[in-house]
Amino acid sequence: MEHKLRMQIKETVREILEESDMETTTEHQIRRLASNKLDLDLDKSEYKAYVRHVVNSYLEEQKAKQEDDEEETGKQEQEYDDEGNLVICRLSAKRKVTIQNFRGANLVSIREYYYDGGAERPTAKGISLNEEQWSALRKNIPAIEKAVKDMQDRDI
């Protein structure tokens, strides 16, 4: 794909992303809107991977910007779930990362939740890592990120 076309796709996709509701908009919708604007079928594999790369880059930038804003304000309040566990972050409407103490062991829990009578309850879908497992995962995050990036670069 030539440089000029790459830049047109990137600018168009980013423009659409800026105007979109990121909670409800899908990558497919972004591709469809950009395809219409550019009069080009971005569902073809050579373009599809590049659009995914642009979308992911944009989302990473927005996340970093949000984290910077939270650090600047210093008003990041701690949230606790219905069981008293500290909620570190919400990965989606149904998934979150919590810190909990179970039988005297501190655990990092990444789990799906459901609502039962207005209360949020954990499902069996997820994983709880003890301190040793969490440490091993943290040490390997750079390798995981590199593998994901390499995989994305192969798709481009």
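For clarity, every value in this text was computed on a predicted model and none was experimentally measured.

Colleague: I'm lost on the environment of Asn-140 in this one. Help?
Modeller: You can see Asn-140 is positioned in helix 4 (residues 131-155). The spacing of Asn-140 and Glu-27 is 113 residues in sequence and 28 Å in space, taken between C-alpha atoms.

Colleague: Sorry, what's going on with the pattern of salt bridges here?
Modeller: Opposite charge on two side chains permits pairing when their charged atoms draw close. Tallied over the entire structure, the rule returns 11 salt bridges. Here Lys-96 ties to Glu-120 by a salt bridge, and the two come within 2.6 Å at their closest N and O atoms. Of this pair, Lys-96 sits in strand 3 (residues 95-102) while Glu-120 sits in strand 5 (residues 119-129); the two residues are 24 residues apart in sequence, bridging distant segments of the chain. On the basis of relative accessibility, which here comes to 8%, the residue Glu-120 falls in the buried class. Note that Asp-150 is salt-bridged to Lys-146, the shortest N-O span being 2.8 Å.

Colleague: Is there a simple way to explain unusual backbone geometry in this structure?
Modeller: Note on backbone geometry: most residues besides glycine have negative phi, and most peptide bonds are trans. Positive phi, close to 55°, is recorded for Asp-39, a residue that is not glycine. With respect to the helices and strands, the residue Asp-39 is situated in the loop between helix 2 (27-38) and helix 3 (45-73). In this structure Asp-39 comes out as exposed when scored by relative accessible area, which is 70%. A positive phi is found at Arg-103, a non-glycine position, where the angle reads about 50°. According to the relative accessible area criterion, Arg-103 is exposed, its value standing at 77%.

Colleague: Before we go on, may I ask you to explain the sheet that holds strand 2 (residues 86-90) in this structure?
Modeller: By definition, the strands of a sheet pair up through backbone hydrogen bonds, in either a parallel or an antiparallel sense. With antiparallel pairing, the 5 strands of this open sheet are ordered in space as 1-2-3-4-5. Whereas interior strands pair on both sides, the edge strands pair on one side only; in this sheet they are strand 1 (79-80) and strand 5. The pairing of strand 4 (residues 105-116) with strand 5 spans 8 bridges and is antiparallel. When the sheet's bridge partners are listed, Tyr-115 is paired in strand 5 with Glu-120. Strand contacts of helix 4: strand 4 and strand 5, with the helix running at about 70° to strand 5, the strand carrying the most contacts.

Colleague: Mind showing me how you'd approach helix 1 (residues 3-19) here?
Modeller: Three- or four-residue spacings in an α-helix give side chains the same orientation, since the helix completes a turn every 3.6 residues. For helix 1, built from 17 residues, the straight-helix expectation of 24 Å at 1.5 Å per residue is met to within 8% by its first-to-last C-alpha distance of 25 Å. For helix 1, the complete set of buried residues consists of Leu-5, Ile-9, Thr-12, Val-13, Ile-16 and Leu-17. Down the axis of helix 1, the buried side of the element spans an arc of 135°, and every buried residue falls inside it. Of the exposed residues in helix 1, those oriented more than 90 degrees away from the buried face are His-3, Lys-4, Glu-11, Glu-18 and Glu-19.

Colleague: I would appreciate a short explanation of the UniProt feature "domain: DEK-C" (unreviewed entry) in the protein in the present structure.
Modeller: If you check UniProt for "domain: DEK-C" (unreviewed entry), the listed places come out as residues 3-60 in our numbering. In this annotation, residues 3-60 is assigned 78% helix and 0% strand; the end-to-end C-alpha distance for the span is 23 Å.

Colleague: Explain the nonpolar core to me, please; I cannot follow it from the model alone.
Modeller: Nonpolar side chains in soluble globular proteins generally cluster together in the buried interior. If you look at the biggest cluster of nonpolar residues, it comprises 14 residues, and the most contacted ones within it are Ile-9, Val-13, Leu-17, Ile-30, Leu-42, Val-51 and Val-55. Mapped by element, the contributors of at least two residues to this core are helix 1, helix 2 and helix 3. Counting residues per element, this core draws most heavily on helix 3, which supplies 6 residues. If sequence neighbours within four positions are ignored, Val-55 has contacts with Val-13, Leu-17 and Ile-30.

Colleague: How do you make sense of the packing of aromatic side chains when you look at a structure like this?
Modeller: How two aromatic rings sit relative to each other is given by the distance of their centres and the angle of their planes. Applying the stated rule across the entire model yields 0 aromatic pairs. Over the aromatic face of Tyr-113 sits the side chain of Lys-96, whose NZ or CZ is 4.2 Å from the ring centroid.

Quick notes on the rules
Residues numbered from 1 in each chain as written. Predicted model: local features only at pLDDT ≥ 70, side-chain atom pairs only at ≥ 80, totals over all residues. Heavy atoms only, no water. Helix = DSSP H or I, 4+ residues; strand = E, 2+ residues; numbered from the N terminus. Salt bridge = Lys/Arg side-chain N within 4 Å of Asp/Glu carboxyl O. Buried < 20%, exposed > 50% of the residue type's maximum accessible area, 1.4 Å probe, protein only. Pairing = 2+ DSSP bridges. Contact = heavy atoms within 4.5 Å. Axes fitted to C-alpha atoms, helices over the stretch in contact; angles between N-to-C directions. Expected span 1.5 Å × (residues − 1). Arc of directions from axis to C-beta. UniProt positions renumbered as here; feature names shortened; annotations may be inferred. Core = buried A, V, L, I, M, F, W, Y, C linked by side-chain atoms within 4.5 Å. Phe/Tyr/Trp six-rings, centres within 6.5 Å; stacked < 30°, edge-to-face > 60°. Lys NZ or Arg CZ within 6 Å of the ring centre and 35° of its normal.

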